[in-house]
Protein chains: 2
Amino acid sequence: MKSKLLLALLAASLATTVTAQVKPEDAIKWRQSAYTTMGWSMARIKANVEGTYNKDDVIKAANVIQAIANSGMGALYLPGTDKGTGWEPTRVKPELFTNAEGVGKVAMAFNKEANEMAKVAATGDAAAVKAQMGKLGGTCKGCHDDFKAKK
Amino acid sequence: MKSKLLLALLAASLATTVTAQVKPEDAIKWRQSAYTTMGWSMARIKANVEGTYNKDDVIKAANVIQAIANSGMGALYLPGTDKGTGWEPTRVKPELFTNAEGVGKVAMAFNKEANEMAKVAATGDAAAVKAQMGKLGGTCKGCHDDFKAKK
């Protein structure tokens, strides 16, 4: 039920973006940029839990991840962008465009943990952030395993 | 006074990041990604004000810009990253590393308008969003004119 709703939402955002005539190479570059920006933010959180913990630094990083996770960037997986080059050739697997249920599952898991990370970061509890980083990182890996080709 | 405070904050974030031993090529790639993610979000807002307006779409895009604007990404301008390659060779001008007062000025203007954009987006007032998009875009351009080399 939930994944049907998500798919409907994805389809709706997709329609909006298609209308706006986004170039495939821009869509690929934008999603690569958004993931890399989240990667930077994860690296910041990791540096904080493994080194000197700075509450504000972690909040800022978590807010970036949350905003991107909730941005509806699924709309950037336009038809025809299973191949193509943004900053570099896309590594998306064809399954992302065919396994709608699987995509819905990993997308919802990621969103849930990204929203939770922002909440946990706001408390300033370093141990809780470390634990949540593990959960959030697990949802990144889950999607990469299924939908992103290895280098 | 305000720019002195900002510089102190920038210096503090810089110190944090240096401690975490960020590689120069990562710092350059991360800042290129963050700007490109904001560029995507600006394009979404533009498509909404010029086409069919979708309040939620604009809120999501504005939230991404706001989160990145407040992320302290100035810390990614590490010493030695005036040259170097992330996704592509950096186009930062050497002035960014020497004109602290000028950088503080454009950074504060951008932050102010990015925060305002998130507020305006939440109202769903398309005309106000269009006006704010102009102000926000002006602060992007202001920084590019002074601190980013043309292609």
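Because the structure is a prediction, the values reported are computed rather than measured.

Chemist: Could you clarify how one ought to interpret the state of the cysteines in this entry?
Modeler: In protein chemistry, a disulfide is the covalent bond that joins the sulfur atoms of two cysteines. Following the criterion strictly, the structure yields 0 disulfides over all chains and no others. Counting only cysteine sulfurs, A:Cys143 is the nearest neighbor of A:Cys140, a cysteine outside any disulfide, at a range of 8.5 Å.

Chemist: Teacher, can you tell me more about the packing of helix α3 (residues 55–69) of chain A against helix α4 (residues 100–123) of chain A here?
Modeler: The packing of two helices is summarised by the inter-axis angle and the distance between the axes. Residues and elements named next belong to chain A. Where α3 contacts α4, the axes come no closer than 8 Å and their chain directions differ by 155 degrees. As summarised for this structure, α3 and α4 are arranged roughly antiparallel, according to the angle between their axes. Here the hand of the crossing between α3 and α4 comes out left-handed. Residues Lys-55, Val-58, Ile-59, Ala-62, Asn-63, Ile-65, Gln-66 and Ala-69 of α3 pack against Phe-110, Asn-111, Ala-114, Asn-115, Met-117, Ala-118, Ala-121, Ala-122 and Thr-123 of α4. Taken together, the residues of the contact of α3 with α4 sort by class into 11 nonpolar, 5 polar and 1 charged.

Chemist: Can you walk me through the relation of the copies chain B and chain A in this structure?
Modeler: One chain copy maps onto the other through a rotation about an axis and a shift parallel to that axis. With an RMSD of 0.0 Å, the fit of chain B onto chain A corresponds to turning through 180 degrees and sliding 0.0 Å along the axis. The relationship between the two copies is best expressed as a two-fold rotation axis. Minimal C-alpha distance to the rotation axis in chain B is attained by B:Ser33, lying at 2.1 Å. Take the interface residues of chain B: 100% of them recur as interface residues in chain A, which is what a same-surface contact looks like.

Chemist: Just checking my understanding: could you explain the environment of A:Leu136 for this structure?
Modeler: Residue and element names in this part refer to chain A. Within the element layout of this structure, Leu-136 appears in helix α5 (residues 126–147). A residue is classified by how much of its surface remains accessible, and Leu-136, at 1% relative accessible area, is buried. Beyond its immediate stretch of four places on either side in the chain, Leu-136 contacts Met-42, Ile-65, Phe-110, Glu-113, Ala-114 and Met-117.

About the thresholds
- Residues numbered from 1 in each chain as written.
- Chains lettered and ligands numbered in written order.
- Predicted model: local features only at pLDDT ≥ 70, side-chain atom pairs only at ≥ 80, totals over all residues.
- Heavy atoms only, no water.
- Disulfide = S-S within 2.5 Å.
- Axes fitted to C-alpha atoms, helices over the stretch in contact; angles between N-to-C directions.
- Helix = DSSP H or I, 4+ residues; strand = E, 2+ residues; numbered from the N terminus.
- Parallel < 35°, antiparallel > 145°, perpendicular 65-115°, else oblique.
- Left-handed = near helix turned anticlockwise from the far one by under 90°.
- Contact = heavy atoms within 4.5 Å.
- Nonpolar A, V, L, I, M, F, W, Y, C, P; charged D, E, K, R; others polar.
- Least-squares fit on C-alpha atoms with pLDDT ≥ 70 in both.
- Buried < 20%, exposed > 50% of the residue type's maximum accessible area, 1.4 Å probe, protein only.

This is a description of form; function is not addressed.
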